[in-house]
Amino acid sequence: MKTPPLNYLNKKYLPNYRLLLLMLLLIICQSTATINVVKDLAAFNQAVKDAQPGDKITLANGVWKDTELVFKAKGTKEKPITLTVETKGKVTFVGQSNIRISGEHLIVEGLVFKDGYTPTSEVISLRTSKEDLCNNCRITECVIDNYNPLERFESDYWIGIYGKNNRIDHNYLVGKRNQGVTMAVRLNTEESRENNHRIDHNYFGHHPILGSNGGETLRIGTSHYSLTNSNTLVENNYFDRCNGEHEIISNKSCQNTFRGNTFFECQGTLTMRHGNETLVENNYFFGNGKPNTGGVRIINETQTVRNNYHEGLTGYRFRGALVIMNGVPNSPPNRYFQVIDSEASNNTYINCEHIQICAGSDEERSATPKNTVLANNLFYNTNKEDLFTIYDDISGISFKDNVLSPKMKPFQKKGFKTKEIEFKRNGNGLMMPTESLTAGMQPKGEMATPENTGVSWYPRVEQEQFFNTGKVIKVKAGENTLVDALEKSSSGDIIELTESGEYLMSKSIDIYHPISFVAAPSLAQKPVLKFQKTSLFNIENGGALSLDGLIISGEESRDKPLNAVIRTSRYSMINNYKLFINNCDFQDLDVNHSFEVVQVYKNTFADSIVLRNSTFTNVSGSVLALDKETDDIGIYNAENVIIENCQFKEIGFAVLNLHRGGRDESTFGPMLKIDQCTFDKTGQDQRNKTGASIVLHGVQIAQIQNNKFTDCEPIKLHMVVGEPITRIVNCAFKNTPEIQANDEPYFTENLTYK
Ligand code: CA
């Protein structure tokens, strides 16, 4: 074929060309009429005011600071009004920004919120006033990244859902750290009930432990409206380490469905806290052996849990792989309704550790499950013989055709059979039997993965803090050499002390990222750290500290009370911190009274404090005073405290004071282990108000073993709420009073007093 001549605008081609031009013009005209790139808030407001069905309002690339958007408009089903961004990932809202939306058939996409927090109680709100709600709207591909207030217990939601028929999908929500649920479906007015919302394909990223109630990732309803229908569908969402509190999801209304969701290493359970007729099917729970990972908790009536997969869940009590609760007779709405007409069937449990039946049974929660079925479930465990804890009368539950692995011993014969089964891991990472069975789950529908949830255009940054991942900075002895080294450091670096001499600090060392101070391996003697300010190390928000192979002396410290070697920020810390101490010697911390090794403040929270292979000698105050949350509402200062192979000698106050007050049941900790330690003359300072060497109040798990106490004040225990586990074994008490405790039971073995 001949190519047309360059000058092809001859008669032959002209008519076609004209038509083409006309079409092109038409398209251009159409697009300019509907695309409206707005560069500031005034332009946005005008665009919203003028918006007609089918319009698209595009936010210009750039940083929008302290910007509160109100998007109130009416689109139609065929012609929704869309609020979008010029380039996804290049439009960010920072400072005190938020968006409120109301109207019909609106779409919001591509917004990013970071580096700030909402000035109101919601970042994305699907209402503009109590009366003006969203219906048939969609929030898609939005990002909220660590958008937290400075105050840990200042409460907000990231997404508040009101109205009806809204879809919340493909959003990426990571790093919720303050009090308040990440996403809440509200039923507070008639117009928000029977809502048929669809929450799908969202990536709920790492939610660190809050250490209080109010750390749920998703909540649907509240106890007040719990007997109304919500009809919300939650499907194909990915929950990555959503560890805020016991309830990953708190279902508090009727007729909701949860399916195809994946729960990866989440500490907690999908909890049917209030409301009836919930359907939980085809979900996937992977615990990977992590502590406190759980599955589904059943409370209330006509609940169905079927065809779910659970593997490696270790949680106990309210965070078991399956928990069926006892109820309260004639329960008020905010307590526990009896489990009636419910079923858990065709679920698979691989190497899970606890199935809890009639959990929470006590004087108040005495109504046992009724007319409930556990059928065709597959329980397979390579090690454990017994998964079930039965807390009360199970005559209201019928067990049918459940299959156990051969090692397991059923608590009753009826309804259980053991069977040798071979498994093979399939492409989705599920352990599936190689033969066909009537028991257990079969993969059905779509399974949420990191890839098919959230957005593709925003970087996913690991939220967990790690030590020893950065460079090594070598530092010689001298004045403030460590302060100078820290200034040059970044997250995860190791500051190596290369001399055995004296490191004197006339300034304190303020830590804003994870950092390690470590003696060089070649040193014959430990370097000595001395300090002149009120504290040596200050762990500020974002900081974490690891010490290894050092001597820390109070010889140079000021002659005033209340010095501390390490203290947290004096202000609220939104980030949890870690403190690891290994092979260190703390000495001469007694220049004046109440000198503490670690001094924490209210509204700070340690993910873990670990003391190993270290000595503490002549300390006028306490070593760990973790007792600053005194409101007694279930809040506390540290989740995990581990003390191993340490020596405490002449400690004026309690070595450890760990306090969690109140009767709230929504948290896991504190959890404590004290192993292979010696205590000499501890707690004997006349200012020690506790009159104890160790004070534990409301600690959930305490293991105290293989310790020696000589000339010490006693251990004092106050066990409260949540069936705390306290075990004190193999301890010798010489010239030390007996353990003092309230009248809750605890376990002791091989304790000697001389
Ligand atoms: Ca809760």
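Below or above, wherever it landed, is the structure these notes cover. (Residues numbered from 1 in each chain as written. Predicted model: local features only at pLDDT ≥ 70, side-chain atom pairs only at ≥ 80, totals over all residues. Heavy atoms only, no water.)

Note on the calcium ion: its protein donors are N213 (OD1), E216 (OE), E245 (OE), E245 (OE) and E247 (OE). The metal-donor distances range over 2.2 to 2.6 Å. All donors of the calcium ion belong to a single chain; written as a sequence motif, their spacing is N-x2-E-x28-E-x1-E. In this pair, E216 is assigned in the loop between β19 (203–204) and β20 (218–220) and E247 in strand β23 (residues 247–252), connecting sequence segments 31 residues apart. (Donors = N, O, S within 2.8 Å, 3.2 Å for Na, K, Ca; no water. Helix = DSSP H or I, 4+ residues; strand = E, 2+ residues; numbered from the N terminus.)

Here we take up the sheet that holds strand β60 (residues 624–626). Across the sheet, 9 strands lie side by side as β48-β51-β54-β57-β60-β63-β66-β69-β71; this open sheet has parallel pairing. In this open sheet, the two strands that pair with only one neighbour each are β48 (509–511) and β71 (740–741). The sheet contact formed by strand β51 (residues 535–539) and strand β54 (residues 564–568) spans 4 bridges and is parallel. Looking at β54, one finds that I539 is bridged to T568. (Pairing = 2+ DSSP bridges.)

Moving on to the environment of N750. Looking at where N750 falls in the secondary structure, it is placed in strand β72 (residues 747–753). Sequence separation between N750 and K65 is 685 residues, and the spatial gap between their C-alpha atoms is 63 Å. Apart from residues no more than four positions distant in its own chain, N750 is found in contact with V729, N730 and C731. Only 2.7 Å separates the side chain of N750 from the side chain of N730, close enough to count as a polar contact. (Contact = heavy atoms within 4.5 Å. Polar contact = N/O pair within 3.5 Å; in protein donor to acceptor, adjacent residues only side chain to side chain.)

On to the nonpolar core. It is characteristic of soluble globular proteins that their nonpolar side chains tend to be buried jointly. Ranked by size, the top nonpolar core spans 79 residues in total, and within it L59, F71, I99, L111 and I124 carry the most contacts. Ignoring anything within four residues of it in the chain, the contact list for F71 reads F44, V48, I57, I81, L83, I99, R100, I101, S102, L106, I107 and V108. In this structure, V475, V565, F586 and V655 belong to the second largest nonpolar core, which totals 72 residues. (Core = buried A, V, L, I, M, F, W, Y, C linked by side-chain atoms within 4.5 Å. Buried < 20%, exposed > 50% of the residue type's maximum accessible area, 1.4 Å probe, protein only.)

The final tally for this structure, using the stated rule, is 5 cavities of 30 Å³ or more. Considering only enclosed or pocket space, the largest cavity measures out at about 60 Å³ in volume. As for the largest cavity, its lining consists of Y316, R317, R319, Q700, I701, G722, E723 and I725. Among the residues forming the lining of the largest cavity, the class breakdown is 3 nonpolar, 2 polar and 3 charged. (1 Å grid on protein atoms, 1.4 Å probe; cavity = no way out; pocket = protein on both sides within 12 Å on 5 of 7 lines; lining within 4 Å. Points joined across faces, edges and corners; volume = space filled by probe spheres on them. Nonpolar A, V, L, I, M, F, W, Y, C, P; charged D, E, K, R; others polar.)

In this section: the layout of surface pockets. In this structure, the second largest pocket occupies an estimated 930 Å³ of space. Lining the second largest pocket are 43 residues, and of these R365, R663, D664, E665 and V721 lie nearest its centre. Every element with two or more residues in the lining of the second largest pocket is listed here: β23, β26 (268–274) and β70 (725–734). Across the lining of the second largest pocket, the residue classes break down as 12 nonpolar, 15 polar and 16 charged.

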